[in-house]
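Now for the letters of each chain:
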Amino acid sequence: LVKSLTHRAKRICSPSLLQTEINKLQDILCLNGYPLGVLKRVMSKVIDHPTAAIPTTTSMITRLPWKGPSSVDIRKKIDSAILGCYQEVFSIVVFTTRPAFRSIAKEVLPTLQKSSFIYKFACRCGRTYVGETGQRLSERIKQHIPDKLMTQPPHLLGAASDSAITKHLKAHPECIPSERDKSFKVITSARNSQHRAVLEALYIRSLKPELCAQKKHVKALTLFK
C-alpha cells in the first residue's frame, strides 16, 4: 500500500508539489497505525528509484511490391532514413506479390458494353468531341449518330435533341462515318456522376476538342484559375 501510494504521487505530482503530497501521505498513514520510520524508508526508496520512460513509438507500415533482392536493399534504406529523421517511429515494410495499382488499360467488359466513363469522338475532318455518360457506349453512340442519320438525308431529320456531334454531321454529311462505332473510344472510367463531370472538364481543358467549344460545364475547375 505504501509503495503504491508513493508511486501514484510520484507519477501525477509535479516536482515542486511532490514533497507536500508525501508529507500528507505520511500523516494519514501514521494516523492509521503505520510507523513513521518505516514510511520514510519505503517512500525514500520509491522516490529515489529512477522512473522508466514510457515508450511512445509509432509504427509506420509501407507496402512495396516484391522485386527480389533489390527489395531488401530498399527496405534497409527506408528503415535507415526513417530512424535517422524520426526516433519515435518504427518502420514496418511489407512486401506484396500483387500489383500495388490496378492497370487502367485492363479490359473487363467489351468496350461497347462499358458504362460510366469519359469518351472521345474523332471525326473524319479532324474535329473531336469529349463527353461523359453513365450509359453503355453502344447506347450513347446511337444517340449521337442515330440510325436515321445513317440512312436518310440529314436535311429531312428534326433537330429537337441534336447533340454537338449530330449537328456537325448534319452540317457536313461527308463526315458521316460508315462504321460509327470506330469513331468513338473510351478515355477513362469514372466512379460516379460527380467524378465524371470533373474528369470531363479536365479532358476538355487538356484536349481542347473543337466540337465542345460551346459546351457548358456544371463543375467549375477552380484549381486552374
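The model shown is predicted, which means the values in this text are computed figures rather than measured ones. (Residues numbered from 1 in each chain as written. Predicted model: local features only at pLDDT ≥ 70, side-chain atom pairs only at ≥ 80, totals over all residues. Heavy atoms only, no water.)

This part takes up unusual backbone geometry. Positive phi values are uncommon outside glycine, yet serine 116 reaches one of about 60 degrees. Its location among the elements puts serine 116 in strand E3 (residues 115-122). Looking at serine 116, the relative accessible area reads 13%, which means it is buried. Positive phi outside glycine occurs at lysine 208, with the angle close to 50 degrees. Residue classification places lysine 208 among the exposed positions, given a relative accessible area of 59%. (Helix = DSSP H or I, 4+ residues; strand = E, 2+ residues; numbered from the N terminus. Buried < 20%, exposed > 50% of the residue type's maximum accessible area, 1.4 Å probe, protein only.)

Two elements in contact, helix H2 (residues 15-31) and helix H3 (residues 36-48), have axes whose closest approach is 10 Å; the angle formed by their N-to-C orientations is 150 degrees. You can see that H2 and H3 cross each other, and the crossing is right-handed. For the pair H2 and H3, contact is made by Leu18, Ile22, Leu25, Gln26, Leu29 and Cys30 and by Leu36, Leu39, Lys40, Met43 and Ile47, respectively. Its residues assigned to classes, the contact of H2 with H3 comprises nine nonpolar, one polar and one charged. (Axes fitted to C-alpha atoms, helices over the stretch in contact; angles between N-to-C directions. Left-handed = near helix turned anticlockwise from the far one by under 90°. Contact = heavy atoms within 4.5 Å. Nonpolar A, V, L, I, M, F, W, Y, C, P; charged D, E, K, R; others polar.)

Let us look at the nonpolar core. Grouped together as the largest cluster of nonpolar side chains are 21 residues, with contacts concentrated most on Phe121, Tyr129, Ile145, Ile165, Leu169 and Phe184. If we skip the residues at most four places from it in the chain, phenylalanine 121 touches Arg127, Thr128, Tyr129, Ile145, Ile165, Leu169, Ser183, Phe184 and Leu211. Grouped together as the second largest cluster of nonpolar side chains are nine residues, Val2, Leu18, Leu25 and Leu29 included. (Core = buried A, V, L, I, M, F, W, Y, C linked by side-chain atoms within 4.5 Å.)

The next subject is the environment of proline 110. Counting through the fold element by element, proline 110 comes out in the loop between strand E2 (89-96) and E3. Residue proline 110 is classed as exposed on the basis of its relative accessible area, which comes to 52%. Residues proline 110 and leucine 137 lie 27 residues apart in sequence; the distance between their C-alpha atoms is 9.8 Å.

Moving on, we get to a nonpolar patch on the surface. Taken together, the side chains of Ile61, Phe90, Ile92 and Val94 present a nonpolar region at the surface, about 330 Å² in accessible area. Among the elements that take part in the nonpolar patch, E2 stands out by supplying three residues, more than any other. Using a relative accessible area of 30% as the deciding quantity, one classes isoleucine 92 as partly exposed. (Patch = residues over 30% accessible without salt bridge, like charges linked within 9 Å, V, L, I, M, F, W, Y side chains within 5 Å. Areas by Shrake-Rupley, 256 points an atom, 1.4 Å probe, with all protein chains shown as cover. Salt bridge = Lys/Arg side-chain N within 4 Å of Asp/Glu carboxyl O.)

The subject of this paragraph is the packing of aromatic side chains. Inspection of the entire model under this criterion finds five aromatic pairs. The interplanar angle of 75 degrees and the centroid separation of 5.2 Å between the aromatic rings of tryptophan 66 and phenylalanine 95 together place this pair among those described as edge-to-face. Of this pair, tryptophan 66 sits in the loop between strand E1 (58-65) and helix H4 (69-85) while phenylalanine 95 sits in strand E2; the two residues are 29 residues apart in sequence, bridging distant segments of the chain. When its relative accessible area of 43% is taken as the criterion, tryptophan 66 is described as partly exposed. By relative accessible area, which is 24% here, phenylalanine 95 ends up partly exposed. Aromatic pair phenylalanine 117 and tyrosine 119: ring centres 6.2 Å apart, planes at 75 degrees, arrangement edge-to-face. Note on phenylalanine 117: relative accessible area 0%, which makes it buried. One aromatic cluster is present, built from ring pairs that chain together Phe117, Tyr119, Phe121, Tyr129 and Phe184. (Phe/Tyr/Trp six-rings, centres within 6.5 Å; stacked < 30°, edge-to-face > 60°.)

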